[in-house]
Amino acid sequence: MSDTHDPISAPYRLHDSLGYHLSLAARLQERRLEDKLRLVGLNRTTWCILLAIANENLSHPSDIATFVGIDRTATSRALRGMENDGLVARSSGQEDRRTRLISLTAKGQSAVAEATPYARENGRLMAELLTSQDHGDLIRLLNVIIDGTPADLSAI
């Protein structure tokens, strides 16, 4: 006979799960943003990389990977595609020719300008569902989860 108050033996309730709610909210906003980014020829990864370069002035692939939160291999793959699409240009570093520097092309700058209103609108649609206090609390609480989670997920 199991004790229904014992968290180990209690059934796992998907809709009571924090992970479920985080995933669902993320998918809703991602889907809405991805639909709009597609109109500009971007996806979420290429959008984030463009923002890293355009708005954060990052030019080293490893810095871009860290900013976006993806591994270096995925960043390199995305940058190759973005270079083929004419969104970014790669050049060698001045002092160390092995170093790669990434910059936006005119097409990349145009894509940032065209997609920014879509991202702002997506953010606005979510934010208007919350009070100002709730918005601040949500950001703070999400940062508690993010900051408390090991970056190396294999450690979990």
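All values derive from a computational prediction rather than experimental measurement.

1. What to know about the environment of Leu-104
If you trace the backbone, Leu-104 turns up in strand β2 (residues 100-104). A residue is classified by how much of its surface remains accessible, and Leu-104, at 17% relative accessible area, is buried. Sequence-distant contacts of Leu-104, defined by excluding residues within four places in its chain, comprise Leu-50, Ile-53, Ala-54, Leu-87, Val-88, Gln-109 and Val-112.

2. Some details on the nonpolar core
Counting 22 residues, the largest nonpolar core has Leu-42, Leu-50 and Val-88 as its most contacted members. Elements with a minimum of two residues in this core: α1 (18-39), α2 (44-54), α4 (72-84), β2 and α5 (106-127). No other element matches α2, which puts six residues into this core.

3. Points about the pattern of salt bridges
What the rule picks out here adds up to six salt bridges. Across the salt bridge formed by Glu-30 and Arg-44, the nearest N and O atoms sit 3.7 Å from each other. Of the two residues, Glu-30 is situated in helix α1 and Arg-44 in helix α2; the sequence distance between them amounts to 14 residues. The partly exposed category is assigned to Glu-30, whose relative accessible area is 23%. Among the ionic contacts, a cluster of salt bridges with common partners joins Glu-30, Glu-34 and Arg-44.

4. Considering the packing of α2 against helix α3 (residues 61-68)
Interhelical geometry of α2 versus α3 gives an angle of 120 degrees and a closest axis separation of 9 Å. Of the possible angle classes, the one that applies to α2 and α3 is oblique. Classified by chirality, the crossing of α3 by α2 is right-handed. Residue-level contacts link Cys-48, Ile-49, Ala-52 and Ile-53 of α2 to Ile-64, Phe-67 and Val-68 of α3.

5. Quick notes on the confidence of the model for the protein chain
When pLDDT is averaged across the protein chain, the result is 90; 88% of the residues are at 70 or more. Across the protein chain, the element-wise mean pLDDT spans from 90 in strand β1 (residues 88-92) up to 97 in α2.

6. Brief notes about a nonpolar patch on the surface
Together, Leu-18, Leu-22 and Ile-145 give the surface a local cluster of nonpolar side chains, amounting to about 240 Å² of exposed area. With respect to the helices and strands, Leu-22 occurs in helix α1.

7. Some remarks on α5
The terminal C-alpha atoms of α5 lie 32 Å apart, and with 22 residues this matches the ideal 32 Å at 1.5 Å per residue to within 8%. For α5, the principal kink sits at Ala-115 and spans about 30 degrees; a proline, Pro-117, occurs within the next four residues. The complete set of buried residues in α5 reads Gly-108, Ala-111, Val-112, Ala-115, Thr-116 and Asn-122.

8. Examining the environment of Asp-63
One can find Asp-63 in helix α3. Here Asp-63 falls in the partly exposed class, since its relative accessible area comes to 37%. C-alpha separation for the pair Asp-63 and Ile-53, spaced 10 residues apart in sequence, amounts to 9.7 Å.

9. Let's talk about α2
Looking only at α2, the buried set comprises Thr-46, Trp-47, Ile-49, Leu-50, Leu-51, Ala-52 and Ile-53. On its buried side, α2 packs onto α1, α3, α4, β1, β2 and α5. Capping of α2 at its N-terminal end is provided by Asn-43; its side-chain oxygen lies 2.9 Å from the backbone amide nitrogen of Thr-45.

Cut-offs and rules
- Residues numbered from 1 in each chain as written.
- Predicted model: local features only at pLDDT ≥ 70, side-chain atom pairs only at ≥ 80, totals over all residues.
- Heavy atoms only, no water.
- Helix = DSSP H or I, 4+ residues; strand = E, 2+ residues; numbered from the N terminus.
- Buried < 20%, exposed > 50% of the residue type's maximum accessible area, 1.4 Å probe, protein only.
- Contact = heavy atoms within 4.5 Å.
- Core = buried A, V, L, I, M, F, W, Y, C linked by side-chain atoms within 4.5 Å.
- Salt bridge = Lys/Arg side-chain N within 4 Å of Asp/Glu carboxyl O.
- Axes fitted to C-alpha atoms, helices over the stretch in contact; angles between N-to-C directions.
- Parallel < 35°, antiparallel > 145°, perpendicular 65-115°, else oblique.
- Left-handed = near helix turned anticlockwise from the far one by under 90°.
- pLDDT = per-residue confidence, 0-100.
- Patch = residues over 30% accessible without salt bridge, like charges linked within 9 Å, V, L, I, M, F, W, Y side chains within 5 Å.
- Areas by Shrake-Rupley, 256 points an atom, 1.4 Å probe, with all protein chains shown as cover.
- Expected span 1.5 Å × (residues − 1).
- Bend = angle between axes of the 7 residues up to and from the residue.
- Polar contact = N/O pair within 3.5 Å; in protein donor to acceptor, adjacent residues only side chain to side chain.

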